[in-house]
Amino acid sequence: MCGRYAVTTDPALLAGEIDAVDETAGVELDVPGYNVAPTTTIVTVVARHSHEQPDDEPTRRLRAMRWGLLPHWQKTLSGPPLFNARAESVAEKPAFRTAIKNKRCLIPMDGWYEWQVLDPDATKPRKQPMYLTPQDGTRMYIAGLWSVWRPAGAGLEAPPVLSATVLTTDSVGPLRAVHDRMPLVLTPELFDQWLDPDGAADPALLLPPALEVAERIEIRPVSTLVNTVKNDGPALIERTEPGSEPGQLSLL
């Protein structure tokens, strides 16, 4: 689940919104992106100490990363992208148990897509794409993990590949009608605790969000245009009637 999402805020504006240093300059980003998919370069939020003054307080930073975590021990870029991870088991899974210790991030989203089965008893069930987004038009920040990867045998002088994964949890409240899993949405008062590079994550941070968080999320049926990764544009998040044919795509 959560293999596709939308984000439309320019990183410079996002940095000001959450009091972060924008380190994405010079990186080609798909922003605005209405159909962000694994292996593309996404915007993440981390908190890190300065290399020059490592004893200073950590600073929030926007960094560009590949969506699909690459464990440091993986030999090549090939292989299925680890674009999401179950929050309940990240501390035990070899691919994630190092990152959960001190490489936690936030992934800003306007909303994410799920495909709801409309007629589960049919021989060929139909799947309706749904866009899940805050009712008030604000952004969501999803708990994630990140890693630093270099090709096998390469020294520290080799350019690193930064990559990230989205954490998922059991769906809450009305979202259960769409899918049994959802991204782990964090509220602003939890950001600093989650991003803290000097301490382990409180297990409570890995629990499903409160019911009121889920109740503030709109469940919006959208066009099947989103089924194809190459399609992009605001038409993908416009409300449509379930089961209707796709309309005209408004490309950016």
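The name that an unreviewed UniProt entry assigns to the protein chain is Abasic site processing protein, with the source organism given as Tsukamurella spumae.

Visitor: Explanation requested: the overall build of the protein chain in the structure shown.
Guide: Within the protein chain, the secondary structure is distributed over four helices and 14 strands. The C-alpha radius of gyration computed for the protein chain amounts to 18 Å, which stays within 12% of the reference 18 Å derived for 252 residues, consistent with globular compactness. Taking the principal axes of the C-alpha coordinates as reference, the protein chain spans close to 55 × 35 × 35 Å. When each of the 252 residues of the protein chain is scored for burial, the buried share is 49%. Within the protein chain, contacts between residues separated by at least 24 positions form 66% of all contacts whose residues are at least 6 apart in sequence. Approximately 12600 Å² of the protein chain is accessible, and the part contributed by carbon and sulfur atoms is 52%. In the protein chain, 24 positive and 33 negative side-chain charges are present, and the distance between their average locations comes to 8 Å.

Visitor: Help me out: how do you make sense of unusual backbone geometry in this one?
Guide: Put simply, valine 31 and proline 32 share a cis peptide bond, and its omega is 0°. Its location among the elements puts proline 32 in the loop between strand E2 (21-22) and strand E3 (33-36). Positive phi is not limited to glycine here, since aspartate 19 has a value of about 55°. Inspection of the secondary structure assignment puts aspartate 19 in the loop between helix H1 (11-18) and E2. The class of aspartate 19 is exposed, set by a relative accessible area of 66%.

Visitor: What am I meant to see in the packing of aromatic side chains here?
Guide: Remark: the centre distance and the inter-plane angle together describe each pair of aromatic rings, the angle taken between the planes. This model, assessed by the stated rule, comprises five aromatic pairs. Measuring from ring centre to ring centre gives 5.1 Å for tyrosine 113 and tyrosine 131, while their planes differ by 40°; the resulting arrangement is tilted. Separated by 18 residues along the polypeptide, tyrosine 113 in strand E8 (residues 111-117) and tyrosine 131 in strand E9 (residues 127-134) bring together distant segments of the chain. As far as the burial class goes, tyrosine 113 and tyrosine 131 line up, both buried. By the ring-pair criterion, three or more aromatic residues cluster together here, those being Tyr5, Trp67 and Phe83. If you follow lysine 103 out to its NZ or CZ, it ends over the ring of tryptophan 146, 5.5 Å from the centre. When the ring centre of tryptophan 194 is taken as reference, the NZ or CZ atom of arginine 104 above it lies at 5.6 Å.

Visitor: Sorry, what's going on with the side chain of serine 171 here?
Guide: Assignment of secondary structure puts serine 171 in the loop between strand E11 (161-170) and strand E12 (181-183). Classification of serine 171 by relative accessible area gives buried; the value is 6%. Among the polar contacts listed, one links the side chain of serine 171 to the backbone oxygen of arginine 181, at a separation of 3.0 Å. Not counting the four nearest positions on each side in its chain, serine 171 is found in contact with Arg176, His179, Asp180, Arg181 and Met182.

Visitor: Looking at this structure, how should I read H1?
Guide: Every buried residue of H1 is listed here: Pro11, Leu14, Ala15 and Ile18. Down the axis of H1, the buried side of the element spans an arc of 105°, and every buried residue falls inside it. Exposed residues pointing more than 90 degrees away from the buried face of H1 are listed as Leu13 and Gly16. Looking at the packing, one finds that the buried side of H1 touches E2, strand E4 (41-48), strand E5 (59-67), strand E7 (104-109) and strand E10 (140-149). The N-cap of H1, judged by a side-chain oxygen 2.9 Å from the amide nitrogen of alanine 12 a few residues on, is aspartate 10.

Visitor: Hey, could you run me through the nonpolar core in this one?
Guide: By size, the foremost hydrophobic cluster in this structure holds 31 residues, and its most contacted members are Leu62, Val90, Leu106, Leu145, Leu167, Trp194 and Leu206. With sequence-adjacent residues up to four places away left out, leucine 167 is seen in contact with Ala85, Val90, Ile142, Ala143, Gly144, Leu145, Met182, Pro183, Leu184, Trp194 and Leu206. Counting residues in hydrophobic clusters, the runner-up holds 27 residues, among them Val7, Ile107, Trp112 and Ile142.

What counts, and at which threshold
- Residues numbered from 1 in each chain as written.
- Predicted model: local features only at pLDDT ≥ 70, side-chain atom pairs only at ≥ 80, totals over all residues.
- Heavy atoms only, no water.
- Helix = DSSP H or I, 4+ residues; strand = E, 2+ residues; numbered from the N terminus.
- Rg over C-alpha atoms; globule rule 2.2 N^0.38 Å.
- Buried < 20%, exposed > 50% of the residue type's maximum accessible area, 1.4 Å probe, protein only.
- Contact = heavy atoms within 4.5 Å.
- Areas by Shrake-Rupley, 256 points an atom, 1.4 Å probe, with all protein chains shown as cover.
- Lys, Arg positive; Asp, Glu negative; His and termini not counted.
- Charge placed at Lys NZ, Arg CZ, Asp CG, Glu CD.
- Phe/Tyr/Trp six-rings, centres within 6.5 Å; stacked < 30°, edge-to-face > 60°.
- Lys NZ or Arg CZ within 6 Å of the ring centre and 35° of its normal.
- Polar contact = N/O pair within 3.5 Å; in protein donor to acceptor, adjacent residues only side chain to side chain.
- Arc of directions from axis to C-beta.
- Core = buried A, V, L, I, M, F, W, Y, C linked by side-chain atoms within 4.5 Å.

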